[in-house]
Amino acid sequence: MDYQFDQSEAYQKLTELSNKYAKLSLKEVFNSDSERAKKFSRSWKDCYLDFSKHILNEEILSELLHLAEEAGLSRGIEAMFSGEKINVNENRAVLHTALRDLPSAVRLYEGENVMPAVHEVLDRMEDFTKKVHQGVFLGASQKKITDVVNIGIGGSDLGPVMVSEALKSEGSKLQVHYVSNVDGFHLEQTLRGLNPENTLFVIVSKTFTTQETMTNALAAKAWISEHLGEGAIAQHFVAVSTNIPAAKGFGIEEAHVFGFWDWVGGRYSLWGAVGLSIMLEYGAAVFRELLEGAREMDEHFRSTSFDQNLPVLLALIGIWNNNFLHHPTLAILPYAQGLHRFPAFLQQADMESNGKHCNKLGKRLSYQSGPVIWGEAGTNGQHAFYQLIHQGTQVIPVDFIAYVRPTSKYVDHHQKLLANFIAQSEALMNGINFDDVCIELNEQGMPPHQVLQLAPFKVFDGNRPSTSMLWETLNPRNLGALIAMYEHKIFVQGWVWDVYSYDQWGVELGKKLAQRILPQIKGESSLAHDSSTTELIRRSKKIKAS
Ligand code: F6P
């Protein structure tokens, strides 16, 4: 492959453009072009994407689109959708889009259409969900299941829990709880108040070997055995895994193991069996709507020209901010309480995918790859860290996300929420200069010497970039589309940066060392470490059960 991001023509050109337009003033470009918002925004179904408040112009955008061409992005998209093994280091395809495709579609993996198997699992999930809801599937003491505890971590937790929170306005059919942390506090607090007779555990682990998940699953198993006897396990546990023998070995009946495939990455897996807890909470119709929204976004991504393609545009703007304007983080700020776990979900999706230091040839990168993703629901963030976004010394590009329709009965709340959503991007862009601050303070009657003293602290530089995404309503379909849009954005960035986005070797070393340290904490072995690690181990040996 000849393409190298930082050797490409577009890279050189974009570097020049970043120098040429280093002083581009957003305020001025808006003043001089009344069509700017129109030129730098796109609409797709229920989504309005406004990227006009970025340090961009037509020349820059056209060069970013040129970069996508030079990177061979069309070929990459086709390679992903057609089941090529683009996860080369793990010799796997990347086919999570098949999980949300239609039964009539043909999606090939190693020459075989995966769609019948995908829909067979979905149908089994639906059948099981109905049985639980209708009281056909009961606990061991013939009691109805009222509570589900999803035990999983990373992709086996963050996607489902994020969706669970986002769709609360749909009305839950069951109480669903999520336990991920190997801190026993998480499990203990969750089990407190639950009745084992009415509780179903969904053990979600692609590998069925993850330490945190297996530790929590075994403790949950002991809890059920203790209260209902060992014979009750089969009625209180189901599993989601690609490792079906291990799930069966745990004591789960084969009929209650919902499978998926190694061509689905953990962080891209909520669309299939990993979404079982979502289906149990909201029912199959809602889950299928979620899939449909994602499928529509897949279609848009696959078939739309890059200059109209939402994920591609988001990705290219991110590359511009990261690699050319040198802003290494991205804040995700949803003005929707339902999306309060969305930043955490995206942290895994994005940072585990593109937090890489080698290109596809194994050569160290001489440029930045994945940005730091962080965020919080607005308006909570406004009263926490927005100070730094407005006046800190670093420029933080922002994705604002909001919905026109409220998900509560409180219309007045929603108008205030939207007013804040809009005001923030305007404030970031316009800022307020020294002279205007002085005028304002003078008008307030402040003595002139005090005005001069205070004014520097009240200056906002402005010219801070943001994307505003305004959707019609936060429903399952739009949520599916939103998630898929970010998944594809991540794909595009990884492709352009020429990194492998679908492996995650960076999480392995810590796991391996924890396995070595555990017996030392238990006092079963002793190994040489540096003095810091040795002292931490010595102190940790004092653990006593609380
Ligand atoms: O720690 C990384 C990771 O492998 C993630 O990629 C994955 O989502 C998570 O652990 C959980 O893995 P599993 O589903 O196999 O338990």
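Residues numbered from 1 in each chain as written. Predicted model: local features only at pLDDT ≥ 70, side-chain atom pairs only at ≥ 80, totals over all residues. Heavy atoms only, no water.

### With respect to the overall build of the protein
To keep it simple, the criterion reads: We count a stretch as a helix when DSSP gives it H or I for four or more residues in a row; a strand needs E for two or more, and each element gets its number in order from the N terminus. We compute the radius of gyration over the C-alpha atoms and compare it with the globule rule, which gives 2.2 Å times the number of residues raised to the power 0.38. Exposed residues in this analysis have more than 50% of their type's maximum accessible area, buried residues have under 20%, and partly exposed residues fall in between, with area computed by a 1.4 Å probe over protein chains only. Methods summary: accessible areas were calculated by the Shrake-Rupley approach with a probe of 1.4 Å, and residue burial reflects only the protein chains presented. Positive charges come from Lys and Arg alone, negative charges from Asp and Glu alone, with His and the N- and C-terminal ends not counted. Lys charges are placed at NZ, Arg charges at CZ, Asp charges at CG and Glu charges at CD.
Along the backbone of the protein there are 22 helices and 13 strands. Over its C-alpha atoms the protein spans a radius of gyration of 25 Å, differing by no more than 12% from the 24 Å that the globule rule assigns to 546 residues. Taken along the three principal axes of its C-alpha coordinates, the protein extends 80 × 60 × 60 Å. Considering the protein as a whole, with its 546 residues, one finds that 52% of them fall into the buried category. Within the structure as shown, the protein displays about 24,200 Å² of accessible surface, and the carbon and sulfur contribution to it stands at 52%. The average position of the 51 basic charges and that of the 63 acidic charges among the side chains of the protein differ by 5 Å.

### Observations regarding the site of the ligand
Inclusion rule: Working definition: residue near molecule or strand if any one of its non-hydrogen atoms lies within 4 Å of it. For the purposes of these results, a polar contact is taken to be a pair of N or O atoms within 3.5 Å, where, inside protein, one atom must be able to donate a hydrogen and its partner to accept one; residues adjacent in sequence count only when each atom of the pair is a side-chain atom. Charged residues are taken to be Asp, Glu, Lys and Arg, nonpolar residues to be Ala, Val, Leu, Ile, Met, Phe, Trp, Tyr, Cys and Pro, and polar residues to be all remaining types, Gly included.
The local shell around the ligand holds 13 residues, among which Ser156, Ser205, Thr207, Thr210 and Glu352 are the closest. Between an oxygen atom of the ligand and a main-chain N or O atom of Gly155, the distance comes to 2.7 Å. In the model, an oxygen atom of the ligand is placed 2.7 Å from a nitrogen or oxygen of the Lys206 main chain. In isolation the ligand has 400 Å² of accessible area, and contact with the protein removes 87% of it. By residue class, the composition of the shell around the ligand is two nonpolar, eight polar and three charged.

### Here we look at the pairing of strand 10 (residues 329–335)
Selection rule: At least two DSSP bridges between two strands are needed for those strands to be called paired. Viewed with both strands pointing away, a crossover whose connecting path from the first strand over the helix to the second turns clockwise is right-handed.
In terms of residue burial, strand 10 counts as a mostly covered element, since seven of its seven residues are buried. Burial along strand 10 is two-sided: the face carrying Thr329, Ala331, Leu333 and Tyr335 and the face carrying Leu330, Ile332 and Pro334 are both buried. Strand direction decides the pairing type here: strand 10 and strand 11 (residues 372–375), joined by four bridges, are parallel. What sits directly across from Leu330, in strand 11, is Ile373. Chirality of the crossover, the property in question, places the unit of strand 10, helix 15 (residues 342–354) and strand 11 among those that are right-handed. The pairing of strand 10 with strand 12 (residues 398–403) spans five bridges and is classified as parallel.

### With respect to the pairing of strand 2 (residues 47–50)
For strand 1 (residues 41–44) and strand 2, the ladder comprises four bridges, and the chain directions are antiparallel. Its bridge partner lying in strand 2, Arg42 is registered against Leu49. Where strand 1 hands over to strand 2, the hairpin turn is made up of two residues, of which Lys45 adopts a positive phi near 45 degrees. Sheet topology note: the strand 2/strand 13 (residues 466–471) ladder contains four bridges and is antiparallel. What sits directly across from Leu49, in strand 13, is Met469.

### What about the sheet that holds strand 11?
Rule in force here: To get an axis, fit a line to the C-alpha atoms, keeping to the stretch in contact for a helix; angles then go from 0 to 180 degrees between the N-to-C directions. Between two residues, a contact is recorded if the distance between any of their heavy atoms is within 4.5 Å.
Read from one edge to the other, the open sheet built from six strands follows the order 1-2-13-12-10-11, with strand pairing classed as mixed. Looking along the sheet, the strands with just one partner apiece sit at the ends: strand 1 and strand 11. Neighbour to neighbour, the strand axes of the sheet diverge by 15 degrees on average, direction disregarded. Docked against the sheet, helix 20 (residues 476–497) engages strand 1, strand 10, strand 12 and strand 13, running at close to 150 degrees with respect to strand 13.

### As for the environment of Leu56
Here Leu56 is to be found in the loop between strand 2 and helix 4 (58–70). Sequence-wise, Leu56 and Pro465 are 409 residues apart; in three dimensions their C-alpha atoms are separated by 9.5 Å.

### Considerations on the sheet that holds strand 6 (residues 175–179)
Reading across the sheet, the five strands line up as 6-5-7-8-9 and stay open at both edges, with parallel pairing between neighbours. Sheet topology places strand 6 and strand 9 (257–259) at the edges, where each strand pairs with a single neighbour. With strand direction ignored, the average angle separating the axes of adjacent strands in the sheet is 20 degrees. Strand direction decides the pairing type here: strand 5 (residues 147–151) and strand 6, joined by five bridges, are parallel. Counterpart to Val149 in the pairing with strand 6 is His177. The sheet strands contacting helix 8 (residues 184–191) are strand 5, strand 6 and strand 7 (199–204), and the helix crosses strand 6 at an angle near 165 degrees. Contacting strand 5, strand 6, strand 7 and strand 8 (237–241), helix 9 (residues 211–228) runs over the sheet at an angle of about 160 degrees to strand 7.

### Concerning the environment of Lys511
Within the element layout of this structure, Lys511 appears in helix 21 (residues 508–521). When the C-alpha atoms of Lys511 and Thr210 are compared, they prove to be 9.4 Å apart, with 301 residues separating the residues in sequence.

### Thoughts on the packing of aromatic side chains
Rules: Think of it this way: a Phe, Tyr or Trp ring, Trp meaning its six-membered ring, pairs with another when their centres are within 6.5 Å, and the plane angle makes it stacked under 30 degrees, edge-to-face over 60, tilted otherwise. Comment: the charge-over-ring label is applied if NZ (Lys) or CZ (Arg) is within 6 Å of the ring centre and within 35 degrees of the ring normal.
Tallying each qualifying case throughout the model produces 25 aromatic pairs. Aromatic pair Phe5 and Phe324: ring centres 6.2 Å apart, planes at 65 degrees, arrangement edge-to-face. Here Phe5, found in the segment before helix 1 (9–20), pairs with Phe324, found in helix 14 (residues 310–324); they are 319 residues apart in sequence, far enough to count as distant. A single burial state applies to Phe5 and to Phe324, both of which are buried. Each ring, one from Tyr268 and one from Tyr502, has its centre 5.3 Å from the other, and the planes form 50 degrees; the classification is tilted. You can see Tyr268 sitting in the loop between strand 9 and helix 12 (276–282) and its partner Tyr502 sitting in the loop between helix 20 and helix 21, a full 234 residues away along the chain. This pair shows no difference in class: Tyr268 is buried, exactly as Tyr502 is. Aromatic ring contacts, followed pair by pair, group Phe5, Tyr11, Trp320, Phe324 and Tyr367 into a single cluster. Sitting over the ring of Phe250, Lys221 keeps its end group 4.4 Å from the ring centre. Over the aromatic face of Trp495 sits the side chain of Lys360, whose NZ or CZ is 3.8 Å from the ring centroid.

### With respect to the domain arrangement of the protein
Our working rule: These domain boundaries are the output of an automatic or database domain assignment.
Domain assignment breaks the protein into domain 1 (5–70 + 304–430 + 464–501), domain 2 (96–289) and domain 3 (513–546). Placing the centre of domain 2 and that of domain 3 at their C-alpha centroids yields a distance of 34 Å.

### Here's the deal with the side chain of Asp399
To keep it simple, the criterion reads: Throughout this description, the term salt bridge denotes a Lys or Arg side-chain nitrogen within 4 Å of a carboxyl oxygen of Asp or Glu.
Looking at the secondary structure, you find Asp399 in strand 12. For the buried Asp399, no salt bridge exists, and the shortest N-O distance to an oppositely charged side chain is 4.6 Å, to Lys489. Not counting chain neighbours up to four residues away, the residues in contact with Asp399 comprise Leu314, Leu330, Ala331, Ile332, Leu333, Thr467 and Tyr486.

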